[in-house]
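Below, each chain spelled out in residue letters.
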Amino acid sequence: MNEAQFNAIKNFREEYKAKCDEWSAFCAELIPLQKSASQKDTPPYPVQTPVVYNRALDEIMRDDEIRLIVIGDNPGKDEQLEKNNRYLVGQSGKIAEGFFRKNPALGIQFRKNAIILNKTPIHTAKTSHLKFLAKNSERVAQLILQSQIWLAQKTAQLHKALLASELWLVGYAELKPKGIFIPYRDALLDEYRGEKNCGAGNAEICKTWERVFVYQHFSMNRFLIDLKEFSGAENCTAFDESSLKKNLEMLGAKYRREIFGE
């Protein structure tokens, strides 16, 4: 990447780390709620990092080539462990790694060429538990809201700075009406709406919305199964190289229109 692109990543991660530190002031309030939310449907586990910054961002170097930004939902049990503090390191992350490894035509090593982010850094064992947190604390509800809006705005700005990179929103159930991530959806779209009047001099930036794609989540193989059904592949792990990228773009654009209306 060029110097401007690397500086954009450095600035993003510095700001993001500072915001996570700021939001961690809510830890005393978050931890009891996170534990209570998980009691009915999750085996006991230690809550170690209520607000999770992705330490993998600190490992990105000037010579790296970033081709993809992947947006998951929020950090789960594995991601919040102090030994990790990294996104998509559980079973869903393994499925994602396997997909790119088995489809080298995409030219992406998941842990090398992709920036992995979330819609909020607030940890819960399951994404649906965020609603429990918001319902039981107005202060935490505002934190979840503010973190989504901040991340949507900053992620869109980073995507534009990286120009040719694609942005994948992986997991769209909570982006639908009444979903917990509606604020993220709306804030993200607002950041791209200005492209329609950005002028011929910024042609590359104007194309960034066309490189935003929406897919089902990697968890439970939903991403792979959905892609298989859409593309007519014979199995859900390896795909025909000549049509893989085209089918990914068509599927991702289809869901983008469904979720964002444009």
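1. A word on the pattern of salt bridges
Considering all chains together, one arrives at 17 salt bridges under this definition. Between Arg-67 and Glu-65 there is a salt bridge, and its shortest N-O distance comes to 3.1 Å. The salt bridge partner of Lys-119 is Asp-73, with a shortest N-O separation of 2.8 Å. In this pair, Lys-119 is assigned in the loop between strand 2 (114-117) and helix 5 (129-136) and Asp-73 in the loop between strand 1 (68-71) and helix 3 (91-102), connecting sequence segments 46 residues apart. Assigned by exposure class, Lys-119 and Asp-73 land together as buried. Within the structure, one salt-bridge network assembled from shared partners comprises Glu-166, Lys-245 and Glu-249.

2. Focus: the nonpolar core
Of all hydrophobic cores here, the largest spans 76 residues; its most connected members are Tyr-16, Phe-99, Ile-115, Trp-168, Phe-223 and Leu-248. At nine residues, the largest contribution of residues to this core is made by helix 6 (residues 138-162). The contacts of Tyr-16, once residues within four sequence positions are left out, are Trp-23, Val-52, Tyr-53, Leu-57, Tyr-87, Leu-117, Pro-121, Trp-150 and Leu-151.

3. Focus on helix 1 (residues 3-23)
Along its 21 residues, helix 1 runs 30 Å from first to last C-alpha, staying within 8% of the 30 Å computed at 1.5 Å per residue. All of the buried residues in helix 1 are Gln-5, Phe-6, Ala-8, Ile-9, Phe-12, Arg-13, Tyr-16, Lys-19, Cys-20 and Trp-23. Buried residues of helix 1 fall within an arc of 155° about the axis and therefore sit on the same side. Of the exposed residues in helix 1, those oriented more than 90 degrees away from the buried face are Ala-4, Glu-14 and Asp-21.

4. A word on helix 2 (residues 27-38)
Taking 1.5 Å of rise per residue, 12 residues should cover 16 Å, and helix 2 covers 16 Å from first to last C-alpha, within 8% of that figure. Every buried residue of helix 2 is listed here: Cys-27, Leu-30, Leu-33, Gln-34, Ala-37 and Ser-38. All buried residues of helix 2 fall inside an arc of 135° around its axis, so they share one side.

5. What about the pairing of strand 3 (residues 166-170)?
For strand 3, the tally of buried residues reaches five of five residues, placing the bulk of the element in the interior. A two-sided burial pattern is seen for strand 3, the buried positions comprising Glu-166, Trp-168 and Val-170 on one face and Leu-167 and Leu-169 on the other. Examined bridge by bridge, strand 1 and strand 3 share four bridges and lie parallel to one another. When the sheet's bridge partners are listed, Ile-69 is paired in strand 3 with Leu-167. Where strand 3 and strand 4 (residues 212-215) come together, four bridges link them in parallel fashion. Across the sheet, Trp-168 pairs through a bridge with Phe-213, a residue of strand 4.

6. Section: the side chain of Thr-49
Residue position: Thr-49 is located in the loop between helix 2 and strand 1. Overall, the relative accessible area of 11% leaves Thr-49 in the buried class. Only 2.6 Å separates the side chain of Thr-49 from the backbone oxygen of Gln-80, close enough to count as a polar contact. With residues up to four places along the chain from it excluded, the contact list for Thr-49 reads Gln-80, Leu-81, Glu-82, Asn-85 and His-123.

7. Remarks on unusual backbone geometry
For Leu-88, which is not glycine, the phi torsion reads 50° and is therefore positive. When you line up the elements, Leu-88 lands in the loop between strand 1 and helix 3. Classification of Leu-88 by relative accessible area gives buried; the value is 10%. Positive phi is not limited to glycine here, since Met-220 has a value of about 55°. The exposure class of Met-220 is exposed, given its relative accessible area of 74%.

Quick notes on the rules
- Residues numbered from 1 in each chain as written.
- Predicted model: local features only at pLDDT ≥ 70, side-chain atom pairs only at ≥ 80, totals over all residues.
- Heavy atoms only, no water.
- Salt bridge = Lys/Arg side-chain N within 4 Å of Asp/Glu carboxyl O.
- Helix = DSSP H or I, 4+ residues; strand = E, 2+ residues; numbered from the N terminus.
- Buried < 20%, exposed > 50% of the residue type's maximum accessible area, 1.4 Å probe, protein only.
- Core = buried A, V, L, I, M, F, W, Y, C linked by side-chain atoms within 4.5 Å.
- Contact = heavy atoms within 4.5 Å.
- Expected span 1.5 Å × (residues − 1).
- Arc of directions from axis to C-beta.
- Pairing = 2+ DSSP bridges.
- Polar contact = N/O pair within 3.5 Å; in protein donor to acceptor, adjacent residues only side chain to side chain.

Geometric values such as these leave the question of function open.
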